[in-house]
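Inside the fold
Here is how the chains run, residue by residue.
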Amino acid sequence: MAKTELAKILIESVKEIASISDHRPPMKTHCAHLSRRLKLLLPMLEEIRDCKNSLPEESMMKALLSLRESLLHAKDLLIYISQLSKIYLVLERDQVMVRFQKVTALLEQALSEIPYQSLEISDELQEQVELVLVQLRRSIGKGGGEKYDDELYKDLLSLYDGATDSEILRRVAEKLQLMTVTDLTEESLALLDMLSTSGGDDPGESFEKMMMLLKNIKDFVQTYNPNLEDVPLRSKPSLSKAQDEDQKNVPEDFRCPISHKLMSDPVIVSSGQTYDRECIKKWLDDGNSTCPKTQVKLTIDIVTPNYALRSLIAQWCESNGIEPPKRPNNPQPSSKASSSSSSSSFSPPSDEQLKIEALLCKLTSQRPEEQRSAAGEIRLLAKQNNHNRVVLAASGAIPLLVSLLTNSDDPRTQEHAVTSILNLSIFQENKGRIISTFGAVPGIVHVLKKGSMEARENAAATLFSLSVIDENKMTIGAAGAIPPLVNLLSEGSHRGKKDAGTALFNLCIFQGNKGKAVRAGLVPVLMRLLTEPEGRMVDEALAILAILSSHPEGKVVVGAADAVPFMVDFIRSGSPRNKENAAAVLVQLCSWDPQHLIEAEKLGVMGCLIDMAENGTDRGKRKAAQLLNRFSRFNEQQKQSGLGVEGQVSLI
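Computed from a predicted structure; not experimentally measured.

1. Some words on the overall build of the protein
Within the protein, the secondary structure is distributed over 36 helices and 3 strands. Nonlocal contacts in the protein, meaning residues at least 24 apart in sequence, comprise 71% of its contacts between residues at least 6 apart. A total of about 30400 Å² of accessible surface is found on the protein, and carbon and sulfur atoms cover 50% of it.

In structure tokens, the structure reads:
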């Protein structure tokens, strides 16, 4: 790559960094200063781009490539910080600053490598670049350069630990700029987004505390000025704002994906996406049969009004002093008869549609008995067939049911709501819709913890259904689902234990959930289930133990639970499946600690393994062969030191 072209790329990179303006309040000063410092490099980069004289090509190219790499890191960092929760940025400031420091150091190193003496730039320009270097070095030396707001940090720590002082809540809400519905919603979405990308970490408890902290701030904001009913605490904008300026401030979720304008009549298509009625009507009239946003083929010829979004748009317009867009009084059916999808999509609603719309309206009623009745009917409809599951989901039932999980105080309504979600999840495409619905997984976990026994059982079954899709396992585990599942496995009815066991088995397939399960006390519960007189949960308990014993923490806890005698018994007399899993547990334990080999040999496992290696299932044969091979190698090692397994057994 030529020097001139590389300089152009660097100029564009700096401009992109300078254009990032959504700096989160806790890190606003740090990010703004970094952006401003890099912007000061533009004149020098333009000099390099326009320089006609020959420059030391090798050293210059190496330095510029290094600068390009560090600028990419800086851009990624600023974008990363702009997407984080404000609460998280304060509470985990040291962790964030470590990354900030690394990027600052990379920039300083890259700028130090540029051969400035060969650039023939003006003294003023060289002083400007040197100033940037000095500021970067000072920032590195002072742990970021900018002073922390220690009062905000202490305030948040006290709230995180359970304090509810109104003065502290006021200071935090103002400093973090969490004073409007939009601000609070964005913060909640940021927390959930962090949850879904947490990898193998275990943010469950801290995430729950942060969400509760955010709820306390929201409650305070509403109490602070109750007459505004979720309207921003700052004064309302004037109604005389220009319409084009209004459109710039429209939240992305309120814009039609086709027109990119504020929706006047949002409707849901069968893919679950929402569009403005007129826009999707034209799309279908043009002969298209796929969802414009996802390109998924539309499975049914129905669009349904999105009442929840329509209400949110109206509230947003009122809060911002904007006249709501006018909705057509009588949307006309499609005039293009050749497109059966569009024609039927905009035909007068059928009796079925009218019934569903009526039920959805009742879900939002202020009367608990209407909510309970509607949720119960939806539960039955979703149980009947896939057609109902598709239509209910496309009609916007999922977010309304999710809201009942935490907002309803009626146990029966909660039970109907979570069971409706369970029944809807039977249809494969609905699993993704549910998991991506704001608050769905935390809501299900809430019912799993605090609902009636039947509601808890159905919540566990719902999590099992959703966890069938691999990418959902991490999200569910990170939402704190594993500890209450362990509790249900320990204390539930037989059906509840089955639901909890199957959910835990599925979730523990994901490596990041294994440690969570071990720390939640799952191993002692499983060991107890192995010894229950009825033995109705033995299959599930052994299968989960086989998974957990592959985890470092799992090996330690399973080994300490005196599991070897049980595993030998199951290898000797269990069902084929139980023999496989017991052998799998032993393979992991014996590879970790040779003492388990000695113990298993003393209990007479060798003959059982030889039989299993010859007559077992395919998996059983493999596990038995692994164990026999391990015994053989261990004996060889001990013979070299003068003591085999047999000799060690005699010393026990």
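2. Comments concerning the pattern of salt bridges
All chains considered together, the criterion is met by 28 salt bridges. With a closest N to O distance of 3.1 Å, Asp 219 and Lys 215 form a salt bridge. Placement of both Asp 219 and Lys 215 in helix H11 (residues 204–224) is noted, with a separation of 4 residues, approximately one turn of the helix. Classification of Asp 219 by relative accessible area gives partly exposed; the value is 31%. Across the pair Lys 497 and Glu 532 runs a salt bridge whose closest N-O atoms are separated by 3.2 Å. Of the two residues, Lys 497 is situated in helix H26 (residues 494–508) and Glu 532 in the loop between helix H28 (522–530) and helix H29 (538–548); the sequence distance between them amounts to 35 residues. Taken together, the shared-partner salt bridges connect Glu 151, Asp 155, Glu 167, Arg 170, Arg 171, Glu 174 and Lys 175 into one network.

3. Details of the sheet that holds strand E3 (residues 304–305)
Taken in spatial order, the 3 strands line up as E2-E1-E3 in an open sheet, and their pairing is antiparallel. In this open sheet, the two strands that pair with only one neighbour each are strand E2 (274–276) and E3. In this structure, strand E1 (residues 266–268) lies alongside E3, joined through 2 bridges in antiparallel fashion. In the strand pairing of E3, Val 267 is matched with Pro 305.

4. Things to note about the UniProt feature "repeat: ARM" (unreviewed entry) in the protein
Per the UniProt annotation, the sites labelled "repeat: ARM" (unreviewed entry) are residues 396–439, 439–481 and 521–555. A distance of 14 Å separates the end C-alpha atoms of residues 521–555, which is 69% helix and 0% strand.

5. Side note on the environment of Thr 413
Along the chain, Thr 413 turns up in helix H20 (residues 411–424). Thr 413 sits 43 residues away from Glu 370 along the chain, and the two C-alpha atoms are 9.7 Å apart. Not counting chain neighbours up to four residues away, the residues in contact with Thr 413 comprise Pro 368, Gln 371, Arg 372, Ala 375, Leu 404 and Ser 408. Within the local environment of Thr 413, its side chain forms a polar contact with the side chain of Asp 410, the two groups lying 2.6 Å apart.

6. A look at the confidence of the model for the protein
With 85% of its residues at a pLDDT of 70 or more, the protein has an overall mean of 81. Within the model, the stretch residues 225–245 combines pLDDT values under 50 with 26 contacts to residues more than four positions away or in other chains. Below a pLDDT of 50 lies the segment residues 330–348, which in the model reaches 34 contacts outside its immediate sequence neighbourhood of four places, other chains included.

7. Focus: helix H8 (residues 150–160)
By the burial criterion, the buried members of H8 are Leu 152, Asp 155, Leu 156, Leu 159 and Tyr 160. Down the axis of H8, the sector holding all buried residues measures 135°, keeping them to one side.

8. Overview of the packing of aromatic side chains
This structure, assessed with the given rule, holds 1 aromatic pair. Geometry around Tyr 153 places Arg 93 over its ring, the cationic atom sitting 3.9 Å from the centre. Of note, Arg 99 hangs over the ring of Tyr 80, and the distance from its end group to the ring centre comes to 4.1 Å.

9. So, the environment of Leu 107
Here Leu 107 is to be found in helix H6 (residues 93–112). Taking relative accessible area as the criterion, Leu 107 reaches 0% and is therefore assigned buried. Residues Leu 107 and Leu 71, spaced 36 residues apart in sequence, show a C-alpha to C-alpha distance of 7.1 Å. Beyond its immediate stretch of four places on either side in the chain, Leu 107 contacts Leu 34, Leu 38, Ser 70, Leu 71, Ala 74 and Leu 136.

10. Regarding H28
The buried fraction of H28 is high, at 7 of 9 residues. Within H28, the full set of buried residues consists of Leu 522, Val 523, Val 525, Leu 526, Met 527, Leu 529 and Leu 530.

11. Digging into the packing of helix H25 (residues 482–491) against H28
At a minimum axis distance of 10 Å, the contact between H25 and H28 shows a crossing angle of 20°. With respect to H28, the element H25 is oriented roughly parallel. Viewed along their axes, H25 and H28 form a crossing whose handedness is left-handed. Note on element contacts: H28 touches H25 through Leu 522, Val 525, Leu 526, Arg 528 and Leu 529, opposite Val 486, Leu 489 and Ser 490. Considered class by class, the residues forming the contact of H25 with H28 number 6 nonpolar, 1 polar and 1 charged.

12. Let's talk about the side chain of Thr 437
Relative to the assigned elements, Thr 437 resides in the loop between helix H21 (428–436) and helix H22 (440–450). Thr 437 has contacts with Ile 398, Pro 399 and Val 402, leaving out every residue within four places of it along the chain.

13. So, unusual backbone geometry
The backbone phi angle of Gln 177 is positive, close to 55°, even though this residue is not glycine. Even without a glycine there, the phi angle at Asp 562 is positive, about 55°. Looking at where Asp 562 falls in the secondary structure, it is placed in the loop between helix H30 (552–560) and helix H31 (564–573). Looking at Asp 562, the relative accessible area reads 45%, which means it is partly exposed.

14. Notes on the state of the cysteines
A full pass over the atoms with the stated rule returns 0 disulfides. The thiol sulfur of Cys 256 is not disulfide-bonded, and the nearest other cysteine sulfur, from Cys 279, lies at 3.9 Å.

Each value, and the rule that gives it
Residues numbered from 1 in each chain as written. Predicted model: local features only at pLDDT ≥ 70, side-chain atom pairs only at ≥ 80, totals over all residues. Heavy atoms only, no water. Helix = DSSP H or I, 4+ residues; strand = E, 2+ residues; numbered from the N terminus. Contact = heavy atoms within 4.5 Å. Areas by Shrake-Rupley, 256 points an atom, 1.4 Å probe, with all protein chains shown as cover. Salt bridge = Lys/Arg side-chain N within 4 Å of Asp/Glu carboxyl O. Buried < 20%, exposed > 50% of the residue type's maximum accessible area, 1.4 Å probe, protein only. Pairing = 2+ DSSP bridges. UniProt positions renumbered as here; feature names shortened; annotations may be inferred. Polar contact = N/O pair within 3.5 Å; in protein donor to acceptor, adjacent residues only side chain to side chain. pLDDT = per-residue confidence, 0-100. Arc of directions from axis to C-beta. Phe/Tyr/Trp six-rings, centres within 6.5 Å; stacked < 30°, edge-to-face > 60°. Lys NZ or Arg CZ within 6 Å of the ring centre and 35° of its normal. Axes fitted to C-alpha atoms, helices over the stretch in contact; angles between N-to-C directions. Parallel < 35°, antiparallel > 145°, perpendicular 65-115°, else oblique. Left-handed = near helix turned anticlockwise from the far one by under 90°. Nonpolar A, V, L, I, M, F, W, Y, C, P; charged D, E, K, R; others polar. Disulfide = S-S within 2.5 Å.

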